[in-house]
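Fold and geometry: a report
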Amino acid sequence: MKRSSRVRPLLIGQIGLIVGLLTCFVLKPQFLKSEGGFSNYGVTAVTVPFFTLAFLFAAVGTFMTAQQIARTKLAWSLRILALLFFFVLVSTYPYKVNGAFDDLHKLAAILLFVWEVALSVYFVRKLHDAPNVLAFALQFGASLAALITFLGFVHLLFVSQFVEGAAFGVLLVRSLSKVEATS
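Now for a quick tour of the structure.

A few words now on the overall build of the protein. The number of helices and strands found in the protein is 6 helices and 0 strands. Listing the helices and strands of the protein from first to last along the sequence gives α-α-α-α-α-α. Here the protein has a C-alpha radius of gyration of 16 Å; the compact-globule value for 183 residues is 16 Å, and the two agree. Looking at the protein residue by residue over its 183 residues, the buried ones come to 44%. Within the protein, residue pairs in contact and separated by at least 24 positions form 67% of the contacts whose partners lie at least 6 positions apart.

Structure below.
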């Protein structure tokens, strides 16, 4: 099997995530002006299908690539990433029911964020080139914007989540393609 085809599901998954979330934004742009993040799209009737598809694309595409590279050391990292995408998805639906579900959803989001940062650091260290450093800088800046939003200083959660996710997706697909090409 060609190496590039092994990473194709990951690319499709990341594109599906971005397109699904952009569709949610087009349908409900008012969340950009609020403190709300992506999760609001998972509990708003008109956007639930697109939100669901977005995260399913990310989870399934990531898992399929993990299966394609099963004999490499990165396979388990991708399986965990796929599981975290799915955990964020399923924890979104009930997060407004009560504090326990909200805490569970926050835990899922934090775990996904930490895992994305860990993978990004790994890939930047492994493939230290300008595009990876730039993608990581964007991801890091967006993460800082999310942090100051949580602290109540600005209201940029949606924008910061989108930029962080897109930068991570670019870094992930690009890096895995390069790692696969050299293995």
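Here we come to the pattern of salt bridges. Here the structure, examined in full by the defined rule, presents 2 salt bridges. Among the ionic pairs, aspartate 129 bridges to arginine 174, the shortest N-O distance being 2.8 Å. Residue aspartate 129 is found in the loop between α4 (99-126) and α5 (130-150), and its partner arginine 174 is found in helix α6 (residues 157-182); the two are separated by 45 residues along the sequence. Note on aspartate 129: relative accessible area 22%, which makes it partly exposed.

Here we take up the packing of helix α2 (residues 48-68) against helix α3 (residues 75-92). Running from N to C, α2 and α3 cross one another at 165 degrees; their axes reach a closest spacing of 8 Å. By the angle between their directions, the pair α2 and α3 is classed as roughly antiparallel. The interaxial crossing formed by α2 with α3 has left-handed handedness. Residues Phe51, Thr52, Phe55, Leu56, Ala58, Ala59, Thr62, Phe63, Thr65, Ala66 and Gln67 of α2 lie in contact with α3, whose contacting residues are Ala75, Leu78, Arg79, Leu81, Ala82, Phe85, Phe86, Val88, Leu89 and Thr92. Classifying every residue of the contact of α2 with α3 gives 15 nonpolar, 5 polar and 1 charged.

The terminal C-alpha atoms of α3, which comprises 18 residues, lie 26 Å apart, in line with the 26 Å expected from a rise of 1.5 Å per residue. Every buried residue of α3 is accounted for by Ala75, Ser77, Leu78, Arg79, Leu81, Ala82, Leu84, Phe85, Val88, Leu89, Ser91 and Thr92.

Following the criterion strictly, the structure yields 8 aromatic pairs and no others. When the centroid spacing of 5.7 Å and the interplanar angle of 80 degrees are considered together, the rings of tyrosine 41 and phenylalanine 158 count as edge-to-face. Within this pair, whereas tyrosine 41 is found in the loop between α1 (3-27) and α2, its partner phenylalanine 158 is found in helix α6, the two being separated by 117 residues in sequence. Grouping residues by exposure puts tyrosine 41 and phenylalanine 158 together as buried.

Within the element layout of this structure, alanine 130 appears in helix α5. Spatially, the C-alpha atoms of alanine 130 and lysine 96 are 41 Å apart, while their sequence positions differ by 34 residues.

The subject of this paragraph is the layout of surface pockets. The method is simple in principle: a probe with the dimensions of a water molecule rolls over the atoms, and the space it marks as empty is what remains. Reported here for the largest pocket is a volume of approximately 900 Å³. Lining of the largest pocket is provided by 38 residues; of these, Ser39, Ala109, Phe150, Leu157 and Gln161 occupy positions nearest its centre. Among the secondary structure elements, those contributing two or more residues to the lining of the largest pocket are α1, α3, α4, α5 and α6.

Axis separation between α4 and α5 bottoms out at 10 Å; the angle between their running directions is 155 degrees. Classified by the interaxial angle, the pair formed by α4 and α5 is roughly antiparallel. Considering the relative orientation of α4 and α5, their crossing is left-handed. Of the residues in α5, those touching α4 at Phe113, Glu116, Val117, Ser120, Val121, Phe123 and Val124 are Asn132, Val133, Phe136, Gln139 and Ser143. Taken together, the residues of the contact of α4 with α5 sort by class into 7 nonpolar, 4 polar and 1 charged.

Cut-offs and rules
- Residues numbered from 1 in each chain as written.
- Predicted model: local features only at pLDDT ≥ 70, side-chain atom pairs only at ≥ 80, totals over all residues.
- Heavy atoms only, no water.
- Helix = DSSP H or I, 4+ residues; strand = E, 2+ residues; numbered from the N terminus.
- Rg over C-alpha atoms; globule rule 2.2 N^0.38 Å.
- Buried < 20%, exposed > 50% of the residue type's maximum accessible area, 1.4 Å probe, protein only.
- Contact = heavy atoms within 4.5 Å.
- Salt bridge = Lys/Arg side-chain N within 4 Å of Asp/Glu carboxyl O.
- Axes fitted to C-alpha atoms, helices over the stretch in contact; angles between N-to-C directions.
- Parallel < 35°, antiparallel > 145°, perpendicular 65-115°, else oblique.
- Left-handed = near helix turned anticlockwise from the far one by under 90°.
- Nonpolar A, V, L, I, M, F, W, Y, C, P; charged D, E, K, R; others polar.
- Expected span 1.5 Å × (residues − 1).
- Phe/Tyr/Trp six-rings, centres within 6.5 Å; stacked < 30°, edge-to-face > 60°.
- 1 Å grid on protein atoms, 1.4 Å probe; cavity = no way out; pocket = protein on both sides within 12 Å on 5 of 7 lines; lining within 4 Å.
- Points joined across faces, edges and corners; volume = space filled by probe spheres on them.

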